[in-house]
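Coordinate inspection notes
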Amino acid sequence: MDVEEFRVRGKEMVDYICAYLATMKSKRVTPNLDPGFLQKLLPSEAPQEPEEWDDIMEDVDTKIMPGVTHWQHPHFHAYFPSGNSFPSILGDMLSDAIGCIGFSWAASPSCTELETIVMNWFGKAIDLPSDFISSNPGSKGGGVIQGSASECVLVSMLSARNEAIKHLKSKNPDIEDSAFLPKLVAYCSKESHSCVEKTAMILLVKLRILEPDENCSLRGKTLLKAMQEDEEQGLLPFFVSTTLGSTACCAFDNLKEIGPICKSKPCVWLHVDGAYAGNAFICPELKPLMAGIEYADSFNTNPNKWLLVNFDCSCLWVRDKIKLTSALVVDPLYLQHSKANESIDYRHWGIPLSRRFRSLKLWFVMRKYGLSGLQQYIRNHIRLAKYFESLVLKDKRFEVVNDVKLGLVCFRLVGPDSINQTLLATINASGKLHMIPSMVKGKYIIRFCVVSEFANETHIEYAWKIISNFATRLIGTLPK
Ligand code: PLP
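Please read these numbers as outputs of a predicted model, since none were measured by experiment. (Residues numbered from 1 in each chain as written. Predicted model: local features only at pLDDT ≥ 70, side-chain atom pairs only at ≥ 80, totals over all residues.)

1. Some remarks on the site of the ligand
Operational definition: Each residue receives a C-beta atom built from its backbone; the residue is near a molecule or strand if that atom lies within 6 Å of it. In this classification, the charged set is Asp, Glu, Lys and Arg, the nonpolar set is Ala, Val, Leu, Ile, Met, Phe, Trp, Tyr, Cys and Pro, and all remaining amino acids, among them Gly, are polar.
Near the ligand lie 14 residues; those nearest to it are Ser148, Ala149, Ser150, His193 and Ala275. Across the shell around the ligand, the residue classes break down as five nonpolar, eight polar and one charged.

2. With respect to the nonpolar core
Put simply, the test is: In this usage, the nonpolar core is the set of buried Ala, Val, Leu, Ile, Met, Phe, Trp, Tyr and Cys residues whose C-beta atoms join them within 7 Å. Counting other C-beta atoms within 10 Å of a residue's own tells you its class, since 20 or more makes it buried, 12 or fewer makes it exposed, and anything in between is partly exposed; those C-beta atoms are placed from the backbone. Only runs of H or I of at least four residues qualify as helices and only runs of E of at least two qualify as strands under DSSP, and these elements are numbered from the N terminus. The source of the domain bounds is an automatic or database domain assignment. By the convention adopted here, residues are in contact when the distance between their C-beta atoms, placed from the backbone, does not exceed 7 Å.
Judged by nonpolar contacts, the single largest core of 119 residues is most densely connected at Ala186, Phe238, Leu270, Val409 and Phe411. Of the residues forming this core, the biggest block, 13 residues, is contributed by helix 12 (residues 359-394). Two domains each provide a minimum of three residues to this core, namely domain 1 (99-357) and domain 2 (380-477). Aside from chain neighbours lying at most four places away, what touches phenylalanine 238 is Ala160, Arg161, Ala164, Leu184, Val185, Ala186, Cys267, Val268 and Trp269.

3. Describing the domain arrangement of the protein chain
Under the domain assignment, the protein chain is made up of domain 1 (99-357) and domain 2 (380-477). For domain 1 versus domain 2, the separation of C-alpha centres amounts to 33 Å. Taken together, the contact pairs 10 residues of domain 1 with 11 residues of domain 2. For the side of domain 1 that touches domain 2, the per-class residue count stands at eight nonpolar, two polar and no charged.

4. Focus: helix 13 (residues 417-430)
Inclusion rule: Take the number of residues in a helix, subtract one, and multiply by 1.5 Å to get its expected span. As used here, the arc is the angular range of directions from the helix axis to the C-beta atoms.
Between its terminal C-alpha atoms helix 13 stretches 20 Å, which fits the 20 Å expected from 14 residues at 1.5 Å a residue. Of the positions making up helix 13, those classed as buried are Asn420, Leu423, Leu424 and Ile427. End-on, the buried residues of helix 13 take up no more than an arc of 90°, which puts them together on one face. Opposite the buried face of helix 13, at more than 90 degrees from it, the exposed residues are Ser418, Ala425 and Ala429. Those residues of helix 13 hidden inside the fold are in contact with strand 9 (408-413), strand 10 (436-440), strand 11 (443-449) and helix 14 (457-477). Phi turns positive one or two residues past the end of helix 13, at glycine 431, with a value near 75°.

5. Comments concerning helix 7 (residues 194-203)
Every buried residue of helix 7 is listed here: Cys195, Val196, Thr199 and Ala200. Taken end-on, helix 7 shows its buried residues confined to a sector of 145°, consistent with a single buried face. Pointing more than 90 degrees away from the buried face of helix 7 are the exposed residues Ser194, Met201 and Ile202. Buried residues belonging to helix 7 abut helix 6 (149-171), strand 2 (184-189), strand 3 (206-210) and strand 4 (236-243).

6. Concerning the pairing of strand 1 (residues 142-146)
Consecutive side chains along a regular strand alternate between the two faces of the sheet. Spelled out, the test is: Following DSSP output, two strands are said to pair if at least two bridges run between them.
Within strand 1, five of the five residues are buried, which leaves the element mostly enclosed by the surrounding structure. Looking at chain direction, strand 1 and strand 7 (residues 314-318) are connected through five bridges and run antiparallel. Bridge pairing in strand 7 places glycine 142 opposite valine 318.

As structure tokens, then:
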């Protein structure tokens, strides 16, 4: 494809995307297909000779698109939002065209510097502690864009592990680093995302998964008791992963209680995972939900969830960048450059060497919407979630199980888990709506998340009508 063909095909692709997004609402939210459907439709070998673009797009239209789940569909209410907006798509297009691999400042200066600038913009917009903003006087910290919240948790725990080993080694300099691993213990709540457990598996450290309180919030006294028990066993508490806006029910751990406990210990790193909810802190009225953030050593949130930025864009800030990079620096000659002392090399801030120009899409979104537009988007989702909650609460057959603070409502039919499983399975099979389940306070619940950028009352009323009609039908089939 030469530049002239790209010009034509690129414009056609924009038209195709616009038509897809505009007509999606008339389709099922999820495809009704069996595994292996695509293998039956596509050849088992790559083509030996070049093919016509029109033929490729014909296959996209007739074979690929029918198997797509429409995450941007107005009736998709599963998981958390998958960020998407036109400015973000354009940012990624430009990033793909530039095609740089910005592992160091020298590898693409604008790629590095724009990342630092937008991370400072965003950090200030959500009012992170001053130490996290690299441009603030005296700050030792800063922000970096990672590929996922899981990576943010991984590099945070890795840094904490490095600090803890240094601490133990200062007293026993002759012992091998790996010999300290069995002494280390990390903590999180049962409500934490499974990526914390995966991280502990990767890093070969113990993880204590603690019971939250009746509001699914991890409390200080639970953490303190666990730490004291472990210290009595000769273990070293070194990392606590807390969550603001848990995956199952959008609960908030109590940082005001947990923070001082972490700070009272010789070597505990406090991480705060706000993968979804963290974005909402751009709204001043929601800042009480991040009370205690001043104790954090690191914080992450995903604009690719709830800030209209396409995947991947997961923002991590650390209070002390040296603690992060000292766990990750390796410096072969072929990656060194003459400006390293005056610049940032983001290759030292994460696992992969290669990095995309991800800050472009975040920068495009922040500029095109402005903070006021992004606040309006967040507030609209919260307003609609509360509206959905009010519809559920009016129907005595149902109960709402979470405290609806943001865009997620956890609800269920009053009764056994089994009828809720059947209700959700039949709704999802209809393709009219898509939601996922979760366990909250020991009960099977249905999660309803406001997801679409353009969500409005009509979508909420449609969803409620579908849910209540299916419930009526289901209840009608139950033995009296
Ligand atoms: N943390 C929380 C609170 C989440 O809700 C999720 C995913 O939904 C994750 C972490 C994992 O996110 P990622 O897919 O970016 O690794």
